[in-house]
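Per-entry structural report
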Amino acid sequence: MSTAVQLAAKFKLGWNIGNTMEATGGETSWGNPLITESYVKFVKQSGFTAIRLPCAWDLHVDNKATAHIDPNWLNRVKEVVGYCVNNGLYVMLNIHWDGGWLENNISKPKQDSVNAKQQALWEQIATAMRDFDEHLMFASANEPNADNAEKMAVLASYHETFVAAVRATGGRNSHRVLIVQGPNTNPGLTYDLMNTLPKDPASNRLMVEVHNYTPAQFCFLNEDVSWGKMVYYWGKGNHSTIEPDRNPTYGEEDAIIADYDKVKQKFIDKGIPVIMGEYGAYRRDGSAHVPKELALHNASVDYWITFVTKEALAHGIKPFWWDTGGALDRRNNTVKDQRTIDALLAGGK
């Protein structure tokens, strides 16, 4: 099986099947249809070589005392992973938010109980998925709420438990590539706080994950809030003179590159691949807040997507676009937002 560096070289543009396997009431409870193999093939045909599968597990436990996962759920997830692997796509499977049992409990008092659950769940997940080849990677968490050294030490223990639990199941899991998340999956915090990787009996089989929604006011904010106003325009050449209060005050090209430089220096240059497990900026044309300069806004979104994707790849970071059904129609396997797909592919050239 490949090392982490060898494996990262085998895929380029990644795609999230978001708001689906991690939905709190089951796969279709957040409005998306069941994942089909034809949809997975369509994602590949659209130009993507890897899939991130956000997944809930604790929500599907049928015995709280033992953290036993409902076998029907394990089998369904295995089926979806199979759609990816059988079509030559690399797939990262995680424990994603999942009611926040790990992400919101990164503290000394919770450490023992969270580690116990982390171990129980990963032993079952890894055992069920053990026979998949190196196309399958596991990821410990999603966006763990840690923002200082003390919490980072607790988070590190959760990652260690994850690695040990997977490795103990043997077979291909003894050397499968595993992915651990930086604190808040924030590039800057990850650079500052993540100074060691988990102990791993397999050598050179770990990757680090960060996310990128910079600046948040442009990428996803859908109303003005106390900490910031919505931003409609982005990039040095795309500022509005008609709505200057909707131009960004931070987080443009230089900030993106500074973040990428940090993770490249700390990890990639030392032979530890970095995954940008989520990123995205979304159009406001159909929202309650339509920009006055709509053409300039759409150009800003296109530019952000292409710039952020291209620079990530140039720095050796593997990007996975966050999609919940907005860009590709999962029911009909058609493109809903051609400009977004074109911008992603342009960034991947």
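Everything in this summary refers to the structure shown in the same document. Keep in mind the model is a prediction, meaning the values are calculated, not measured.

Conventions and cut-offs
- Residues numbered from 1 in each chain as written.
- Predicted model: local features only at pLDDT ≥ 70, side-chain atom pairs only at ≥ 80, totals over all residues.
- Heavy atoms only, no water.
- Helix = DSSP H or I, 4+ residues; strand = E, 2+ residues; numbered from the N terminus.
- Rg over C-alpha atoms; globule rule 2.2 N^0.38 Å.
- Buried < 20%, exposed > 50% of the residue type's maximum accessible area, 1.4 Å probe, protein only.
- Contact = heavy atoms within 4.5 Å.
- Areas by Shrake-Rupley, 256 points an atom, 1.4 Å probe, with all protein chains shown as cover.
- Lys, Arg positive; Asp, Glu negative; His and termini not counted.
- Charge placed at Lys NZ, Arg CZ, Asp CG, Glu CD.
- Pairing = 2+ DSSP bridges.
- Axes fitted to C-alpha atoms, helices over the stretch in contact; angles between N-to-C directions.
- Core = buried A, V, L, I, M, F, W, Y, C linked by side-chain atoms within 4.5 Å.
- Phe/Tyr/Trp six-rings, centres within 6.5 Å; stacked < 30°, edge-to-face > 60°.
- Lys NZ or Arg CZ within 6 Å of the ring centre and 35° of its normal.
- Parallel < 35°, antiparallel > 145°, perpendicular 65-115°, else oblique.
- Left-handed = near helix turned anticlockwise from the far one by under 90°.
- Nonpolar A, V, L, I, M, F, W, Y, C, P; charged D, E, K, R; others polar.

Observations concerning the overall build of the protein
Counting secondary structure elements, the protein contains 10 helices and 12 strands. Against the 2.2 N^0.38 benchmark of 20 Å for 349 residues, the protein shows a C-alpha radius of gyration of 20 Å, consistent with a compact globule. Looking at the protein residue by residue over its 349 residues, the buried ones come to 59%. Taking as baseline every contact in the protein between residues at least 6 positions apart, the subset at least 24 positions apart corresponds to 74%. Just so you have it, the protein exposes about 13800 Å², and 50% of that area is on carbon and sulfur atoms. Measuring between centres, the 35 positive side-chain charges of the protein sit 4 Å from its 40 negative side-chain charges.

Examining the sheet that holds strand 6 (residues 136-139)
Pairing is parallel in the closed barrel, where 8 strands are placed in the order 1-2-5-6-7-8-9-10. Strand-to-strand twist of the sheet, defined as the mean angle between neighbouring strand axes without regard to direction, takes the value 30°. Contacts from helix 4 (residues 111-129) reach strand 5 (90-94) and strand 6, with the element oriented near 175° to strand 6.

Brief notes about the nonpolar core
In this structure, Trp15, Trp57, Leu93, Met129, Phe138 and Trp304 are the most contacted members of the largest nonpolar core, which totals 89 residues. Ranked by size, the runner-up nonpolar core spans 14 residues in total, among them Ala8, Ala50, Met92 and Val177.

Focus on the environment of Val154
Topologically, Val154 is positioned in helix 5 (residues 149-168). The exposure class assigned to Val154 is buried, which follows from its relative accessible area of 1%. For the pair formed by Val154 and Lys110, sequence separation is 44 residues and the distance between their alpha carbons is 9.2 Å.

Considering the packing of aromatic side chains
Under the definition given, this model contains 14 aromatic pairs. Taking the centre distance of 5.6 Å and the plane angle of 35° together, the rings of Phe11 and Tyr90 count as tilted. A residue pair is termed long-range when its members are at least 10 positions apart, and Phe11 in the loop between helix 1 (4-8) and strand 1 (14-16) and Tyr90 in strand 5 qualify at 79 residues. Tyr90 carries the same exposure label as Phe11, and that label is buried. Relative to Phe48, the ring of Trp15 lies with its centre 4.7 Å away and its plane at 50°, an arrangement referred to as tilted. Of this pair, Trp15 sits in strand 1 while Phe48 sits in the loop between helix 2 (37-45) and strand 2 (50-53), placing them 33 residues apart in sequence. Phe48 gets classed as buried once you look at its relative accessible area, which sits at 1%. Every member of this aromatic cluster is reached through a ring pair, and the members are Phe218, Trp234, Tyr303 and Phe307. In this structure, Lys318 packs its charged tip against the face of Phe11, placed 5.3 Å from the ring centre.

Looking at the packing of helix 4 against helix 5
Axis angle and axis distance: for two packed helices, these are the angle between their axes and the distance between the axes, and together they describe the pair. Viewed as axis vectors pointing N to C, helix 4 and helix 5 meet at an angle of 30°, and their least axial separation amounts to 8 Å. As far as their axial angle goes, helix 5 and helix 4 are roughly parallel. The interaxial crossing formed by helix 4 with helix 5 has right-handed handedness. Contact residues: helix 4 offers Gln111, Val114, Asn115, Gln118, Gln119, Trp122, Glu123 and Ala126, while helix 5 offers Val154, Ser157, Tyr158, Thr161, Phe162, Ala165 and Val166. Within the contact of helix 4 with helix 5, the residues separate by chemical class into 8 nonpolar, 6 polar and 1 charged.

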